[in-house]
Amino acid sequence: MDAPLWKFLPARLAHSLAPWGLKYFADKMPEDTPAWRSFTWKGLHFANRLGIAGGLDKNASHLTLWQRLGVGFIEIGTVTPYAQSANRGKILDRDWDQKNLWNKMGFPNHGSDEIYFNILNEKSSLKVPIFVNIGKNRSRPNDEAELDYQYLADRFSKAADAFVINVSSPNTQGLRDLQSEETLGRLVSVVQQRAAGKPVLVKLSPDMTEEALHASIDTALRYGAEGFVLTNTTLSRPPNCTFPKEGGLSGQSLADLSRKNLKSAISHLGSRRKDLLLVSVGGVLCPEDVEERLALGADLVQTYSGLIFYGPRFFRDTAKRINA
Ligand SMILES: Cc1cc2nc3c(=O)[nH]c(=O)nc-3n(C[C@H](O)[C@H](O)[C@H](O)COP(=O)(O)O)c2cc1C
C-alpha cells in the first residue's frame, strides 16, 4: 500500500484524529458485514472471523464505524470501574520501517458507567458480537483486584456478548502477576459467576514461559474460562529497536511470539480445545496473515497494528481474498 496520510502525523495526534479519518473511509463502504467462514459459538454469530483488538476503541465510542469497516466482532476496552487518565509522558510511538507500535498507555478510559451506556445506545444497530475487555484501576492493589473485575462483570453482564479478562497489559504495575495460578482462578471464578452466562475469555501475555502459559490456561479452565486471547503486547525487543525498555510492543516483531503461543496452547489443550474459543492477535498485518492464523487453528483473529500499517480496507480486503 502507498504510505497513508496518518504516517506523516505525530503518533498521538494521528491516534486522536483516527476516528474522523476512518469515518471518511467507512462512509464510502457498503453497509453489509462481509460473510466468510461464518460460524456460531455459544449462541454468538460471527459473520466473519476478523475483529479489532482491545485498546482501539477503549470507550466503545465508534461501534458502528468498526461494523461499517467490515469486522466480524469488536472488542472494546480495556474498561476499568472508574475513569482514569493515561500514564504520564510519552505513551505511543510507531516504527514504519519495522511495522511496530509501542505503547505505555495504562488503560486510559472514561469509566464503566459511560462505556456501558455507549454500548447500550448502539446495541440495536449492531450485528456483530461485542467482547468487553475488563481490567483493574491502577489505584486498586493486586490483593483487591477481584473487586474491580467482579464489579465490571456485574456492570456489563447485560451489555457484553462475552468478557475478556485482561491480566496481561505490561503498562499497569503488577497486572501480569495476576496471571499466576493463585490469583487467576479467583478472578475467572468471580467474573464467571457475575457474567450472566456470557462466555469468559482470558487475554494472556506473550512473555510467559511455556510452563507458565500452560499453568495459566489450566487454571483458567478449571474456574470456568471458555477461551483465550493470545496475545497482548510484549516487553521483548527486536535488535536495534529504539523504543524504550518499558511499555508494550505490537506489530510485526510480535508475530512470531504470538504464533508460538497459539501453537503451544493448541498442543497443550489437546482434546479440550474443541469447545473453546481461541483468538489470535499480534502481528496480523495483512489478509494473508489472517489466513495463516486460521490455518494454525485460531477460531478468530484480531488486529490493532494492521489497521495502522495496512489501513481501513483490511477487513474487506480479507473478505475479498478469502472469498475469491
Ligand atoms: C496503543 C495500544 C493500546 C492498547 N491497549 C490495549 C488495552 O487497553 N487492552 C488490551 O487488552 N490490549 C491493548 N493493546 C494490545 C492489543 O489489543 C493487541 O493485543 C496488541 O497490540 C497486538 O496486536 P497487534 O500486533 O495487531 O497490534 C493495545 C495496543 C496498542 C498498540
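The preceding data block contains the structure.
Heads up: these notes are all about the structure in this document. (Residues numbered from 1 in each chain as written. Predicted model: local features only at pLDDT ≥ 70, side-chain atom pairs only at ≥ 80, totals over all residues. Heavy atoms only, no water.)

## Considering the sheet that holds strand β5 (residues 92-95)
With antiparallel pairing, three strands are arranged side by side in an open sheet as β5-β6-β11. Of all the strands in the sheet, the pair left with one neighbour each is β5 and β11 (248-251). Each adjacent strand pair in this sheet contributes to an overall mean axis angle of 20°, direction not counted. Sheet analysis places β5 next to strand β6 (residues 100-103), joined by four bridges and oriented antiparallel. Bridge pairing in β6 links L92 to N103. (Pairing = 2+ DSSP bridges. Helix = DSSP H or I, 4+ residues; strand = E, 2+ residues; numbered from the N terminus. Axes fitted to C-alpha atoms, helices over the stretch in contact; angles between N-to-C directions.)

## Points about helix α1 (residues 11-26)
With 16 residues, α1 extends 21 Å from end C-alpha to end C-alpha; this agrees with the ideal 22 Å at 1.5 Å per step. Its maximal kink placed at L17, α1 deviates by approximately 50°, while the proline P19 follows within four residues. Residues of α1 that are buried include every one of A11, A14, P19, L22, F25 and A26, and no others. Those residues of α1 that are buried lie in contact with α2 (63-69), β5 and α9 (305-309). (Expected span 1.5 Å × (residues − 1). Bend = angle between axes of the 7 residues up to and from the residue. Buried < 20%, exposed > 50% of the residue type's maximum accessible area, 1.4 Å probe, protein only. Contact = heavy atoms within 4.5 Å.)

## Overview of empty space enclosed by the protein
Going through the model one piece at a time under the given rule, you end up with one cavity of 30 Å³ or more. In this model, the largest cavity occupies a volume close to 410 Å³. Taken together, 30 residues make up the lining of the largest cavity; nearest its centre are G54, N103, N232, T233 and Y304. For the lining of the largest cavity, the secondary structure elements donating two or more residues are β6 and β11. Partitioning the lining of the largest cavity into residue classes produces 10 nonpolar, 18 polar and two charged. (1 Å grid on protein atoms, 1.4 Å probe; cavity = no way out; pocket = protein on both sides within 12 Å on 5 of 7 lines; lining within 4 Å. Points joined across faces, edges and corners; volume = space filled by probe spheres on them. Nonpolar A, V, L, I, M, F, W, Y, C, P; charged D, E, K, R; others polar.)

## Points about the pattern of salt bridges
Any two side chains of opposite charge can pair, so long as their charged atoms come close to each other. Taken as a whole and assessed by the stated rule, the structure comprises 20 salt bridges. Taking the shortest distance from any N to any O, the salt bridge between D113 and R155 comes out at 2.9 Å. Pair noted here: D113 is in helix α3 (residues 112-123) and R155 is in helix α4 (residues 145-155), with a separation of 42 residues, a long-range link. The residue K320 makes a salt bridge to D317 at a minimum N-O spacing of 3.7 Å. Placement of both K320 and D317 in helix α10 (residues 314-323) is noted, with a separation of three residues, approximately one turn of the helix. Looking at K320, the relative accessible area reads 60%, which means it is exposed. Here the residues in one salt-bridge network are R140, E144 and D148, joined through shared partners. (Salt bridge = Lys/Arg side-chain N within 4 Å of Asp/Glu carboxyl O.)

## Remarks on the sheet that holds strand β7 (residues 130-134)
Strands sit in the order β3-β4-β7-β8-β9-β10-β12-β13 around a closed barrel of eight strands; the barrel is parallel. Mean inter-strand twist for the sheet, computed between neighbouring axes without regard to direction, equals 25°. Pairing analysis gives four bridges linking strand β8 (residues 162-166) to strand β9 (residues 200-204), with the strands arranged parallel. By the bridge assignment, N166 is partnered in β9 with K203. Here α4 sits on the sheet and contacts β4 (73-79), β7 and β8; the angle it forms with β8, its principal contact strand, is near 165°. Taken strand by strand, helix α8 (residues 287-296) contacts β3 (50-52), β12 (277-281) and β13 (300-303), and its axis lies near 145° from that of β13.

## So, the site of the ligand
Taken together, 26 residues lie near the ligand, and G54, T78, K203, G283 and S305 sit nearest. G54 places a main-chain nitrogen or oxygen 2.6 Å from an oxygen atom of the ligand. In isolation the ligand offers 610 Å² of accessible surface; the protein chains occlude 98% of this area. When atom positions are compared with the pocket grids, the ligand is found to occupy the largest cavity. Secondary structure elements with two or more residues in the shell around the ligand: β4, β6 and β11. Considered class by class, the residues forming the shell around the ligand number eight nonpolar, 16 polar and two charged. (Near = heavy atom within 4 Å. Polar contact = N/O pair within 3.5 Å; in protein donor to acceptor, adjacent residues only side chain to side chain. Areas by Shrake-Rupley, 256 points an atom, 1.4 Å probe, with all protein chains shown as cover. Sits in = over half its atoms within 2 Å of the grid points.)

## Thoughts on the nonpolar core
Membership of the largest hydrophobic core comes to 91 residues, with the highest contact counts inside it found for I76, F131, V132, Y149 and F156. The biggest single contributor to this core is helix α5 (residues 181-194), with five residues. When residues no more than four places from it in sequence are discounted, the contact partners of F156 are V79, S112, I115, Y116, I119, V132 and F163. (Core = buried A, V, L, I, M, F, W, Y, C linked by side-chain atoms within 4.5 Å.)

## Let's talk about unusual backbone geometry
Glycine aside, residues mostly have negative phi angles, and peptide bonds mostly take the trans form. Of note, the bond from G77 into T78 is cis; its omega dihedral lies within 30 degrees of zero at 15°. Mapped onto the secondary structure, T78 falls in strand β4. A positive phi angle, close to 55°, is found at K99, a residue other than glycine. Locating K99 in the fold gives a position in the loop between β5 and β6.

## Some remarks on the packing of aromatic side chains
This model, assessed by the stated rule, comprises 10 aromatic pairs. Put simply, the rings of F39, F46, F73 and F131 pair up and form one aromatic cluster. Across the ring face of F39, the terminal group of R49 is positioned such that the distance to the ring centre comes to 4.0 Å. Taking NZ or CZ as reference, R155 lies 4.3 Å from the ring centre of Y116, over its face. (Phe/Tyr/Trp six-rings, centres within 6.5 Å; stacked < 30°, edge-to-face > 60°. Lys NZ or Arg CZ within 6 Å of the ring centre and 35° of its normal.)

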